[in-house]
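Here is what each chain is made of, one letter per residue.
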Amino acid sequence: MQIRTLSTMGLLLTAGLAGCGGSTDAPHLSLEPVSGKVTYAGQPVSGLRVLFVPLNKTAGQGAFAVTEDDGSFELEQQSQDPGVPAGQYAVLFSRYVKADGTPVPPGTSPTESNAVEAISPIWNDPGQAGPHNTVTVPEGGKSFEFSIP
């Protein structure tokens, strides 16, 4: 597991998940259901933040989820509406842990607990998006599986 300090992407994910700012999701956009499962080092991972960031001319602001114990997730908008508009997305992942590798306690910010990012930048840096984490959401939605080594 590669561990690094708080990154700009991590701060973006944390702010997005906290729901900072007002929602500007366009109410007229058709949202397609998106779900999936994430494994990390071959095992389902819970508490992993999943962020779909629109690419190119994809409408909307993207969406996020946090994985369940079995690694499953369902995307929702900041407004808590499920899904995203059809289009192309970079899928970014983030999981902060304390220096000893244990999870950050609920209700505690990663900064307060001196947490570090446990996911490699190739999976959470938008500048490193590529075939491994770029997907196309079709009309009607889709379920995706991701395997993070």
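Conventions we followed
Residues numbered from 1 in each chain as written. Predicted model: local features only at pLDDT ≥ 70, side-chain atom pairs only at ≥ 80, totals over all residues. Heavy atoms only, no water. Buried < 20%, exposed > 50% of the residue type's maximum accessible area, 1.4 Å probe, protein only. Helix = DSSP H or I, 4+ residues; strand = E, 2+ residues; numbered from the N terminus. Pairing = 2+ DSSP bridges. pLDDT = per-residue confidence, 0-100. Contact = heavy atoms within 4.5 Å. Phe/Tyr/Trp six-rings, centres within 6.5 Å; stacked < 30°, edge-to-face > 60°. Axes fitted to C-alpha atoms, helices over the stretch in contact; angles between N-to-C directions.

Caption draft 1: Structural view of the pairing of strand S9 (residues 134–137). In S9, alternate side chains face the same way, and those of Val135 and Val137 are buried while those of Thr134 and Thr136 on the opposite face are not. By the bridge criterion, four bridges tie strand S6 (residues 87–94) to S9 in an arrangement that is antiparallel. When the sheet's bridge partners are listed, Tyr89 is paired in S9 with Val135.

Caption draft 2: Quick look at the confidence of the model for the chain. Per-chain confidence: the chain averages 83 in pLDDT, with 82% of residues scoring 70 or above. When the elements of the chain are averaged for pLDDT, helix H1 (residues 8–18) gives the smallest value, 40, and strand S5 (residues 72–74) the largest, 98. Confidence drops under a pLDDT of 50 for residues 1–26, and excluding neighbours within four residues, the segment shows 51 contacts in the predicted structure.

Caption draft 3: Structural context of the packing of aromatic side chains. Enumeration over the complete set of coordinates arrives at six aromatic pairs. Measuring from ring centre to ring centre gives 5.2 Å for Phe93 and Phe146, while their planes differ by 65°; the resulting arrangement is edge-to-face. One end of the pair, Phe93, is in strand S6; the other, Phe146, is in strand S10 (residues 142–148), and 53 residues separate them in sequence. For Phe93, a relative accessible area of 0% gives the class buried. Accessibility expressed as a relative area gives 7% for Phe146, which makes it buried. Feature note: the residues Phe52, Phe73, Tyr89, Phe93, Trp123, Phe144 and Phe146 constitute an aromatic cluster, connected by ring pairs.

Caption draft 4: Fine view of the sheet that holds strand S3 (residues 49–54). One open sheet accounts for four strands, arranged S4-S3-S6-S9; its pairing is antiparallel. Every interior strand has two partners, whereas the edge strands, strand S4 (63–66) and S9, have only one. On average, each strand axis in the sheet is tilted by 30° relative to the strand beside it, whichever way the strands run. Bridge count between S3 and S6: six bridges; the pairing is antiparallel. For Pro54, the partnering residue across the bridge sits in S6 and is Tyr89.

Caption draft 5: Highlighting unusual backbone geometry. Phi is positive for Ala41, close to 55°, though the residue is something other than glycine. The residue Ala41 is located in the loop between strand S1 (34–40) and strand S2 (43–44) in this model. Positive phi is not limited to glycine here, since Asn114 has a value of about 55°.

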